[in-house]
Amino acid sequence: RNRVVAEMDCRARASLHATASTSAAPRARRLDVRCMARKPTRLSQNKKNAKLRENAEKARRTKLRRELNSRSTAPGELTPQQRVDAADHEARRWLGQHFLIDHSVILDALDAAAVTDGDRILEIGPGTGNLTVELVKAGAVITAVEKDRNLADKLRTQYDGDDAVTVHEADFLKWNVAREFEHVTAKVAALNAIGADERGVYPGDAHRAKVVANIPYNITTDILKTLLPMGDTFRDMVFMFQEEVARRLIRQDSGASDYRPMSVRVHYYSEPYYIRPVTASCFDPPPNVESCLVGFRPKPRRELPALRGTEKQFFSFVQACFAQKRKMLKNNLRAVCDDEIIAAALEYLGRDEKTRAQQLTMDEYVRLFNFVRSSKGASKQRESESSRVESAGKESKSVRERRARVERATSRLVAQAVGRDVLDEDDDDDDEGIIEV
């Protein structure tokens with residue numbers, strides 16, 4: 001009896017446990033999901049430190065803005081870092097915004113460009129106006145082009161009523177710089193029309209404008225392609241460049257692996273020079289690369305090397321020579337001219353057939369281009385003369401045949417008129433054809 005009661009009790013407990021487990025299982029899973037959703041996200045120690053630094057920087061800027069608003073301080077009396085903080089502008093990386101906050105670098109840029117009172121200056125990307133302030137102090141007349149609408153509006157407000165600063169809200173690559181500085185170009189041309197003095201100096205060259213700018217690194221090549229050919233308008237250009245790019249562009253010795261077609265273009269239009277290195281700590285926010293100040297002295301159009309063609313054709317030719325850097329120059333030139341001209345051109349330059357594109361200097365590329373153009377022109381002239389002689393020979397033969405047909409037709413008409421029989425010379429049969437009247 002006791003054993004039967006115990007078995008019944010075990011069965012009842014088992015059935016109750018099964019019922020409870022099937023009914024509570026879904027509810028337990030839902031509770032687990034809700035608990036996981038409420039679980040806070042854990043940050044790594046590096047992220048926590050970055051968050052603390054960001055909050056401290058925001059608090060510092062807020063305190064500085066309150067102090068600036070409480071007292072009326074002229075913009076020129078602020079330090080570059082204070083001016084960036086007062087702008088309350090978050091740098092936009094897609095625009096390449098890295099604001100220069102080192103005052104010594106700004107002064108070195110002005111010294112390199114030799115900015116004096118009355119100079120006409122083009123500034124690309126003025127940002128918060130750190131460089132603009134120093135240019136105004138030097139007495140320059142500034143044309144600033146800023147793409148960021150927020151910064152452009154703040155600069156207009158800051159220099160409202162100041163005729164020395166003109167701010168354009170525009171993308172420089174789409175902005176017509178030639179039209180904006182056309183009066184400078186016209187003045188230089190009018191003064192240079194008089195001719196050079198006894199020292200060989202043209203009086204208009206001293207009246208050309210200058211360029212001083214901390215430009216975005218992602219458009220440096222496009223800016224140089226636009227400004228370097230304008231040697232009759234600008235005489236000195238000082239830019240902030242990425243260190244690696246600047247070293248590659250300004251090097252005069254060829255043969256290195258980083259020698260590019262852009263290096264040939266830079267030396268064709270200007271005389272580049274290195275000014276000084278600039279560390280990443282000189283910017284706010286700091287970039288991920290090292291920077292430097294680099295200068296260019298554009299050549300007037302009269303001083304550019306002479307070409308047997310247009311400048312566009314010349315640089316397309318240089319680009320074709322660099323089409324495949326691992327190949328020898330003669331292999332790349334086959335897309336432009338034949339093997340006979342290539343061999344003669346290399347002999348003309350004093351180079352062997354294993355020469356590569358990066359081994360030629362800018363002057364050698366000019367000589368190579370002119371030689372290839374003249375050789376191709378001479379070969380085309382010979383081909384045209386031979387074709388003209390052949391066409392002249394064919395024309396004379398056809399004229400003779402036409403004259404013979406006319407003479408035969410005339411003789412027939414005369415024979416018919418006088419009533420005589422004439423031998424038909426056009427008949428190719430063996431039997432002689434007689435025309436009877």
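Predicted model, so just to flag it, every value in this text is computed and none were measured.

Rules of the game
- Residues numbered from 1 in each chain as written.
- Predicted model: local features only at pLDDT ≥ 70, side-chain atom pairs only at ≥ 80, totals over all residues.
- Heavy atoms only, no water.
- Helix = DSSP H or I, 4+ residues; strand = E, 2+ residues; numbered from the N terminus.
- Buried < 20%, exposed > 50% of the residue type's maximum accessible area, 1.4 Å probe, protein only.
- Contact = heavy atoms within 4.5 Å.
- Areas by Shrake-Rupley, 256 points an atom, 1.4 Å probe, with all protein chains shown as cover.
- Pairing = 2+ DSSP bridges.
- Axes fitted to C-alpha atoms, helices over the stretch in contact; angles between N-to-C directions.

Counting its regular elements, the chain contains 15 helices and eleven strands. The buried share among the 437 residues of the chain stands at 36%. Sequence separation of at least 24 residues holds for 64% of the intrachain contacts in the chain that already meet a minimum separation of 6. Per element, the accessible surface of the chain, about 26600 Å² overall, is 50% carbon and sulfur.

For the peptide bond that leads from D284 to P285, omega is -5°, which places it in the cis range. The residue D88 is not glycine, and still its phi comes out positive at about 50°. Mapped onto the elements of the fold, D88 is located in the loop between helix 3 (80-87) and strand 1 (99-100). Even without being a glycine, A114 presents a positive backbone phi close to 55°. With respect to the secondary-structure elements, A114 resides in the loop between helix 4 (103-113) and strand 2 (120-124). Under the relative-accessibility criterion, A114 is labelled partly exposed at 42%.

Attention now moves to the sheet that holds strand 7 (residues 270-278). Spatial ordering of the open sheet is given by 4-3-2-5-6-9-7, a layout of seven strands whose pairing is mixed. Two strands close off the open sheet at either side, each with one partner strand: strand 4 (165-169) and strand 7. Here the average twist between neighbouring strands, direction ignored, is 20°. By the bridge criterion, five bridges tie strand 5 (residues 209-213) to strand 6 (residues 234-242) in an arrangement that is parallel. Bridge pairing links V212 to V238 in strand 6.

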